[in-house]
Amino acid sequence: MLKLEPYINFDGSCEDAFEFYKSVFGGEFKGLFRYEDLPNSEIQTPIPAMEKIVHIGLPIGETVVLMGTDKPDHPSAKEPGNIELAISTSDEAEVVRIFNALSEGGKVTMPLQKTFWAELYGTFTDKFDIHWIISKAKQEDA
């Protein structure tokens with residue numbers, strides 16, 4: 001089975017971001033490793049702090065694992081905008097809950113609204129500069 005798992009690079013805020021995402025989606029972390037957990041031979045780049053995250057996963061639903069790392073020297077960790085995470089569910093209350101929870105402290109770019117392609121659709125950048133799309137598909141598309 002082929003799986004696509006979004007992997008986000010952070011500039012030192014990976015743990016805070018994933019604690020926030022866990023508060024929204026629930027679940028338990030899968031594969032939490034810090035730089036201090038690596039054998040010295042595995043460390044190949046300068047690390048700002050050994051307690052930062054080298055890898056973390058958070059299962060969301062039954063098929064997706066959101067993954068992340070602290071890579072302050074990685075271009076995508078410094079310049080948000082190269083990734084958008086899309087969440088879709090047929091439960092309207094869940095769409096509203098997720099949208100409101102994840103957008104808190106961030107910047108809403110399109111409030112939740114009915115569109116010609118979705119019953120509800122909205123976009124925002126969360127407080128960690130990650131772009132999200134939250135939607136509820138039209139009944140005939142669900």
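Keep in mind it's a predicted model, so treat the numbers as computed, not measured. (Residues numbered from 1 in each chain as written. Predicted model: local features only at pLDDT ≥ 70, side-chain atom pairs only at ≥ 80, totals over all residues. Heavy atoms only, no water.)

Caption draft 1: Spatial organisation of the overall build of the chain. Check the secondary structure of the chain and you find three helices and eight strands. For the chain, the sequential pattern of α-helices and β-strands runs β-α-β-β-β-α-β-α-β-β-β. Expressed as a percentage of its 142 residues, the buried residues of the chain come to 37%. Sequence-distant contacts in the chain: of pairs separated by 6 or more residues, those separated by 24 or more amount to 54%. (Helix = DSSP H or I, 4+ residues; strand = E, 2+ residues; numbered from the N terminus. Buried < 20%, exposed > 50% of the residue type's maximum accessible area, 1.4 Å probe, protein only. Contact = heavy atoms within 4.5 Å.)

Caption draft 2: Structural view of the sheet that holds strand β7 (residues 118-125). In spatial order, the strands read β5-β8-β7-β6; together these four strands make up an open sheet with mixed pairing. Since the sheet does not close on itself, it has two edges, and those belong to β5 (84-88) and β6 (107-113), each with one partner. Pairs of neighbouring strands in the sheet enclose a mean axial angle of 10 degrees, with direction left out of account. As defined by bridge partners, β5 adjoins strand β8 (residues 131-137) across five bridges and the pair is classed as parallel. (Pairing = 2+ DSSP bridges. Axes fitted to C-alpha atoms, helices over the stretch in contact; angles between N-to-C directions.)

Caption draft 3: View of the pairing of β6. Here β6 pairs with β7 via four bridges, running antiparallel. If you follow Met 110 over to β7, its bridge partner there is Thr 123. Here β6 folds back onto β7 in antiparallel fashion, the turn holding four residues.

Caption draft 4: Spotlight on the sheet that holds strand β2 (residues 30-34). The strand order across the open sheet built from four strands is β1-β4-β3-β2, with neighbouring strands paired in mixed fashion. A strand with exactly one partner marks an edge of an open sheet, and here the two such strands are β1 (7-10) and β2. Averaged over all neighbouring strand pairs, the angle between strand axes comes to 20 degrees, with direction disregarded. Across five bridges, the pairing between strand β3 (residues 53-60) and strand β4 (residues 64-70) is antiparallel. Within β4, the position partnered with Leu 58 by the bridge is Leu 66.

All we've got here are geometric facts, nothing functional implied.
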